[in-house]
Amino acid sequence: MLSAYEQFQTHIGELHDLLCAISVLKWDARTMMPRGGAQSRGQQLATLTRHAQEHFLSPHFERILHAVEAEVSDENPDSYRVRSVHQTRQAYDLLRRIPLELVTDKAAIEPVAEQVWAEAKAANDFNHFAPFLERQVELARAQAEAIGYDEHPYDALIQEFDPGMTAREVRRIFDKLKTGLLPLLQQITARGNEPEPTLWQQSYPLDAQKAFALDVAQDFGYDLDRGRLDVTAHPFAISFTREDVRITNRYDEHFWPKAFFSTLHETGHALYEQYIDPALTRTALTIDFLGKYPMGGTSSAVHESQSRLWENLIGRSHTFWQVYFPRLQSYFPQQFASTTADQLYRAVNRVQPSLIRVEADEITYNLHIMLRVELELGLLDGSIRVADLPEVWRVKMQEYLGIVPPTDTLGCLQDVHWASGAFGSFASYTLGNILSAQFFLAALQSQPEIEAGLRRGEYHLLLEWLTEHIYEHGRAYPMQELLPRATGHGLTVEPYLAYLHAKFGGLYGL
Ligand code: ZN
């Protein structure tokens, strides 16, 4: 006779398998699938998603859940067993409130809307995309109503990405960050930039770009026996258990930092997933139940803190380029024949307001996010209409960054998130920046040898610290617990602002 916990694990393991199959189909839809496949892929995803939903919310599983709650009731509340059961119960009660029809509608429209978005973006034709965005906003509102919220529909939707966060808390933190960020940006803008480096006018063969980026990713700890890198329009990382964690990228023949830094970014996400405790594979602690997504990272913001840490705090640091510039030169000997490591460090850290979020520098990036969150709040509460989005976008860009996109392709059509129905997801990018500085500072303070390792291009001590304090726990501890355990503090913008002031103060002689 199996224990209730064993029955629970078996059932959750099957759910995990279904969710991984869904993710493989999604990976394929974005990476390999021919255009004509969108409609039938939508049906396949709707069917599998419905099965996953029914599997999870079945009366059979409800009985198991009752039994296992009784079985673990005396155990240590911090143990993985109790956390698994507790989080499953919370998700079960929440998901029961969402109608099955809404779940299948959302799953069916996602690949179609993403396909139309890609077409609209390529053709600079917002009107082509608008009806699908209208539908996604409608579905997002319906979802928020079903889940329930106190103040703003956003509060219900952000739970899927960053449990415990609210519109009010996001605004509070963003206001603090903005207060510290804008004077720094003004000082930098007043200083002005050196002329655009001629480096980006040269040609960098794509094979060598890919090889160098993977070379560094592997030094960081990315295991290619359990991963791979493919090409997509919008880079992402995805995992089908820790044993298969894939990343994607896109290349520019001239501007090689585009592919290089996004590889490091997605590598950061991938490291989180690859270094989860193997004991958590196929368990509730590697499932995002609300997103119906197999994911080991505890929240989007904590996940993003790791992509940012490896991309920016490591990959864009002076220390990194002191070690890696000769390696870069070995891949592109002619292109870098007359460049120094310091010149390159400056070139990849230019601060300049620009149109595209994913290409923005470390400082202005956060302003792009604040703009999106503001628009998202407006779309959800009805104060901004879909039809007005292109114009509102232009007005806000002028307000935040002082520049206006000449086309919607370079404006409100640039991101896939809303096409995917991921309302509530943007805030985690800037929350991730804030967290990255908190985690990094804690790692360096608790173990000075980590910094000595970085100066030699050795990352295993840093990776071990991050694994011990973040990665291995999967979703066992929410951000509000994980962060104080790892750093001794709650969420605060000070370390991030201090990092930006030190780095860019140095670069711009402030
Ligand atoms: Zn990311």
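Before going into details, it helps to say that this report is about the structure given with it. (Residues numbered from 1 in each chain as written. Predicted model: local features only at pLDDT ≥ 70, side-chain atom pairs only at ≥ 80, totals over all residues. Heavy atoms only, no water.)

Within strand β3 (residues 245-249), five of the five residues are buried, which leaves it mostly tucked inside the rest of the structure. Residues Val245, Ile247 and Asn249 point to one face of β3 and Arg246 and Thr248 to the other, with burial holding for every one of them. Taken together, the three bridges between strand β1 (residues 229-231) and β3 define a ladder with parallel strand orientation. Opposite Leu229, over in β3, you have Ile247 as the bridge partner. (Buried < 20%, exposed > 50% of the residue type's maximum accessible area, 1.4 Å probe, protein only. Helix = DSSP H or I, 4+ residues; strand = E, 2+ residues; numbered from the N terminus. Pairing = 2+ DSSP bridges.)

Turning our eyes to something else, we now look at the coordination of the zinc ion. For a metal bound by four donors in tetrahedral geometry, the ideal donor-metal-donor angle is 109.5 degrees, whereas six donors in octahedral geometry ideally sit at 90 or 180 degrees. With distances of 2.1 to 2.3 Å, the protein atoms coordinating the zinc ion are His265 (NE2), His269 (NE2) and Glu304 (OE). A relative accessible area of 9% places His265 in the buried class. Given a relative accessible area of 11%, His269 falls into the buried group. (Donors = N, O, S within 2.8 Å, 3.2 Å for Na, K, Ca; no water.)

This part is about the environment of Ile450. Structurally, the position occupied by Ile450 is in helix α17 (residues 449-455). Given the relative accessible area of 1%, Ile450 is considered buried. Separated by ten residues in sequence, Ile450 and His460 have C-alpha atoms that sit 8.5 Å apart. The contact partners of Ile450, leaving out residues within four places of it in the chain, are Ala443, Leu444, Leu461, Leu462 and Trp465. (Contact = heavy atoms within 4.5 Å.)

On inspection of all chains with the given rule, the structure shows 38 salt bridges. Between Glu399 and Lys396 there is a salt bridge, with its nearest N and O atoms 3.5 Å apart. Of this pair, Glu399 and Lys396 both sit in helix α15 (residues 389-401), three residues apart, roughly one helical turn. We classify Glu399 as exposed; its relative accessible area is 54%. Its relative accessible area of 16% is what places Lys396 among the buried residues. Where salt bridges share partners, they join Asp78, Arg83, Glu481 and Arg485 into one cluster. (Salt bridge = Lys/Arg side-chain N within 4 Å of Asp/Glu carboxyl O.)

Further remarks concern helix α14 (residues 365-381). If you check α14, its first and last C-alpha atoms are 25 Å apart, about what 17 residues at 1.5 Å a residue would give, namely 24 Å. Judged by how many residues are buried, α14 sits mostly within the fold: 15 of 17 residues are covered. Directly beyond the C-terminal end of α14, a positive phi value near 85° is found at Gly382. (Expected span 1.5 Å × (residues − 1).)

As a further point, take the side chain of Arg242. Relative to the assigned elements, Arg242 resides in the loop between β2 (237-239) and β3. Excluding its chain neighbours within four sequence positions, the residues that come into contact with Arg242 are Arg226, Glu273, Gln274, Tyr275, Ile276, Asp277, Pro278 and Thr281.

Moving on: the sheet that holds β3. One key point about sheets: their strands pair by backbone hydrogen bonds, in either a parallel or an antiparallel sense. With mixed pairing, the three strands of this open sheet are ordered in space as β1-β3-β2. Pairing within the sheet leaves two strands with one partner each, and these edge strands are β1 and β2. For this sheet the average axis-to-axis angle between neighbouring strands, irrespective of direction, equals 30°. Seen against the sheet, helix α10 (residues 257-274) touches β1, β2 and β3 and runs at an angle of roughly 165° to β3. (Axes fitted to C-alpha atoms, helices over the stretch in contact; angles between N-to-C directions.)

The next point concerns the packing of aromatic side chains. Applying the stated rule across the entire model yields 36 aromatic pairs. With centroids separated by 5.7 Å and ring planes inclined at 50°, the aromatic side chains of Phe260 and Trp321 adopt a geometry described as tilted. Of the two residues, Phe260 is situated in helix α10 and Trp321 in helix α12 (residues 318-331); the sequence distance between them amounts to 61 residues. Here Arg226 stacks its cationic end above the ring of Tyr275, 6.0 Å away from the centre of that ring. The side chain of Arg372 reaches across the aromatic face of Phe426, ending 5.8 Å from its centre. (Phe/Tyr/Trp six-rings, centres within 6.5 Å; stacked < 30°, edge-to-face > 60°. Lys NZ or Arg CZ within 6 Å of the ring centre and 35° of its normal.)

Residue position: Arg226 is located in the loop between α9 (206-220) and β1. A polar side-chain atom of Arg226 sits 2.9 Å from a polar atom in the side chain of Asp223. A polar atom in the side chain of Arg226 sits 2.8 Å from the backbone oxygen of Arg242. Setting aside residues no more than four positions away along its own chain, Arg226 makes contact with Arg242, Glu243, Asp244, Val245 and Gln274. (Polar contact = N/O pair within 3.5 Å; in protein donor to acceptor, adjacent residues only side chain to side chain.)

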